[in-house]
Amino acid sequence: MRKVLILSFIMVFFLNCSSSDGEMQAEQEEMEEVEIQAGDFVSGAHTTTGKVSVSSDLKTLNFTNFKTDNGPKLLVYLTTAVGSSDFVSLGDLKGVSGNYSYAIPENTDVSKYKIVDIWCVDFSVSFGHAELK
């Protein structure tokens with residue numbers, strides 16, 4: 001009986017250790033996702049603040065502490081310049097205050113499209129933008 005208890009303890013100990021190693025590895029991988037390009041929002045037609053960054057795998061654009069005014073049909077563009085017709089649309093602005101993530105379409109050249117523009121379609125103005133550096 002005593003041997004069974006000791007073996008059970010050893011098995012539980014090793015199972016917990018291997019589980020912890022897996023969790024530790026997952027945490028390390030999350031921490032290793034480095035933002036390779038980032039910038040601060042600058043106001044345009046409306047006060048716009050916050051930070052924006054691109055994930056290291058170039059698949060996600062992240063807004064942090066983002067804030068702007070409400071407006072009709074606000075879109076998020078990756079573009080070559082504010083107001084440029086050369087842009088990649090990431091879709092509708094998800095909200096006017098908070099932290100948001102947007103999928104970057106495959107094969108998007110983030111070194112070319114280094115301006116993040118909050119574009120108001122109805123009035124053809126930029127609410128604000130950030131340059132990715």
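These numbers come from a predicted model, not from an experiment. (Residues numbered from 1 in each chain as written. Predicted model: local features only at pLDDT ≥ 70, side-chain atom pairs only at ≥ 80, totals over all residues. Heavy atoms only, no water.)

## Overview of the nonpolar core
As a reminder of what qualifies: In this description, a nonpolar core means a group of buried Ala, Val, Leu, Ile, Met, Phe, Trp, Tyr and Cys residues linked to one another through side-chain atoms lying within 4.5 Å. Each residue gets one of three labels from its accessible area relative to the maximum for its type: buried under 20%, exposed over 50%, partly exposed in between, using a 1.4 Å probe on protein chains only. In this analysis, two residues are considered to be in contact whenever any of their non-hydrogen atoms come within 4.5 Å of each other.
Leu61, Phe63, Val76, Leu78, Val116 and Ile118 are the most contacted members of the largest nonpolar core, which totals 23 residues. When near neighbours in sequence (up to four residues on either side) are disregarded, Val116 contacts Phe41, Val52, Leu61, Phe63, Val76, Tyr77, Leu78, Gly128, His129, Ala130 and Leu132.

## Details of the pairing of strand E8 (residues 125–131)
Our working rule: Between any two strands, at least two bridges found by DSSP are needed for them to pair. In this text, helices come from DSSP runs of H or I with a minimum length of four residues, and strands from runs of E with a minimum of two, each type numbered from the N-terminal end.
In this sheet, E8 lies alongside strand E1 (residues 37–43) in antiparallel orientation, the contact comprising 3 bridges. Each bridged residue has a counterpart across the sheet, and for Phe41 the counterpart in E8 is Ala130. With 6 bridges connecting them, strand E7 (residues 115–120) and E8 associate as antiparallel partners. Note on E8: the bridge partner recorded for Ile118 is Gly128.

## Thoughts on the packing of aromatic side chains
Aromatic ring pairs are defined here through the distance separating the ring centres and the angle between the ring planes. Operational definition: Any Phe, Tyr or Trp ring, taking Trp's six-membered ring, that has another such ring centre within 6.5 Å forms a pair; planes under 30 degrees apart are called stacked, those over 60 apart edge-to-face, and the others tilted.
For the structure on display, the rule yields 5 aromatic pairs. Between Phe41 and Phe63 the ring centres are 5.1 Å apart and the planes differ by 70°, which places this aromatic pair in the edge-to-face class. Here Phe41 is found in strand E1, whereas its partner Phe63 is found in strand E3 (residues 60–67), with 22 residues between them in sequence. Overall, Phe41 belongs to the buried group, its relative accessible area being 7%.

## Quick word on the pairing of E3
By the bridge criterion, 5 bridges tie strand E2 (residues 49–54) to E3 in an arrangement that is antiparallel. What sits directly across from Lys51, in E3, is Thr64. Turn length for the E2-E3 hairpin, with the two strands adjacent in sequence and antiparallel, is 5 residues, and the turn residue Leu58 shows positive phi of about 65°. Inspection of the sheet shows E3 paired to strand E6 (residues 97–103) by 6 bridges, in the antiparallel sense. Residue Lys67 lies in a different strand from E6, and its bridge partner there is Ser97.

## Looking at the pattern of salt bridges
Selection criterion: Salt bridges, as used here, are contacts in which a Lys or Arg side-chain nitrogen is within 4 Å of a carboxyl oxygen on Asp or Glu.
Applying the stated rule across the entire model yields 3 salt bridges. A salt bridge links Lys51 to Asp40; its shortest N-O distance comes to 2.6 Å. In this pair, Lys51 sits in strand E2 while Asp40 sits in strand E1, placing the two residues 11 residues apart along the sequence. Assessed through its relative accessible area of 48%, Lys51 is described here as partly exposed. In this structure, Lys112 engages Asp86 in a salt bridge whose closest nitrogen and oxygen atoms are separated by 3.5 Å. Of this pair, Lys112 sits in the loop between E6 and E7 while Asp86 sits in the loop between strand E4 (74–79) and strand E5 (87–92), and the two are 26 residues apart along the sequence. On the basis of relative accessible area, Asp86 is assigned to the partly exposed category, the value being 29%.

## Some details on the confidence of the model for the protein
Selection criterion: Confidence scores per residue from the predictor, reported as pLDDT, run from 0 to 100.
Chain-level statistics for the protein give a pLDDT mean of 83 and a share of 74% at 70 or above. With pLDDT under 50 throughout, residues 1–20 is counted as low confidence; its partners more than four residues away or in other chains account for 0 contacts.

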